[in-house]
Amino acid sequence: MSNLKIKLDTTALANTLKEYAAEVAQDVNKGVARLAAQTKAHVLMDAGAELSSPTFKTFSKSVEMEDISPGIWVVSINQKGLWIEEGIEPNTDMKPGLLKGKK
């Protein structure tokens, strides 16, 4: 009985995979960025369905999307829109904002 030996040179395959690794990482980062944009759009869509037009306009300006580092995004509500999320303090006088005229 003879021994069967198979010798594989995987150097070319390894080099090819290294070339694709950067491309795959770039595609994943693009996908994560699109997901963050879709998340922001979904937040705005839900808010638009629940809030009155003037309140939504104010709220929509407070929704932010930030690229923290490659592949990491944060969708958040800044301080100006947080009152909508947390509610208005009890006994807040809302008349001053209602009586301002347009310039």
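Residues take numbers from 1 onward in each chain, read along the sequence in its written order. Per-residue local features are limited, in this predicted model, to residues with pLDDT of at least 70; the limit for side-chain atom pairs, both in listing and counting, is 80 or more; totals at the level of whole chains, interfaces and linings are taken over all residues. For the side-chain quantities, the full set of heavy atoms in the structure was used; hydrogens and water were omitted.

**A few points about the pairing of strand E1 (residues 63–69)**
- For two strands to pair, DSSP has to find at least two bridges joining them. In this description a helix means any DSSP run of H or I spanning at least four residues, a strand means any run of E spanning at least two, and both kinds are numbered starting from the N terminus. Relative to strand E2 (residues 72–77), E1 is paired through six bridges, and the arrangement is antiparallel. When the sheet's bridge partners are listed, Asp67 is paired in E2 with Trp73.

**So, the packing of helix H1 (residues 11–50) against helix H2 (residues 53–62)**
- Contact pair H1 / H2: the axes reach a minimum separation of 9 Å and the direction vectors enclose 165 degrees. In terms of their interaxial angle, H1 and H2 are classed as roughly antiparallel. Note that H1 runs across H2; the crossing there is right-handed. On the side of H1, the interface is formed by Val43, Leu44, Ala47 and Gly48, while H2 contributes Phe56, Phe59 and Ser60.
- Per-class residue counts for the contact of H1 with H2 are five nonpolar, two polar and no charged. Angles run from 0 to 180 degrees between N-to-C directions of axes, and those axes are lines fitted to C-alpha atoms, restricted for helices to the stretch in contact. Each angle receives one of four descriptions, namely roughly parallel if under 35 degrees, roughly antiparallel if over 145, roughly perpendicular if within 65 to 115, and oblique otherwise. In a left-handed crossing the near helix is turned counterclockwise from the far helix by less than a right angle, and in a right-handed crossing that turn is clockwise. The contact definition used throughout considers only heavy atoms, calling two residues in contact when any of these lie within 4.5 Å. Note on residue classes: Ala, Val, Leu, Ile, Met, Phe, Trp, Tyr, Cys and Pro are nonpolar, Asp, Glu, Lys and Arg are charged, and everything else, Gly too, is polar.

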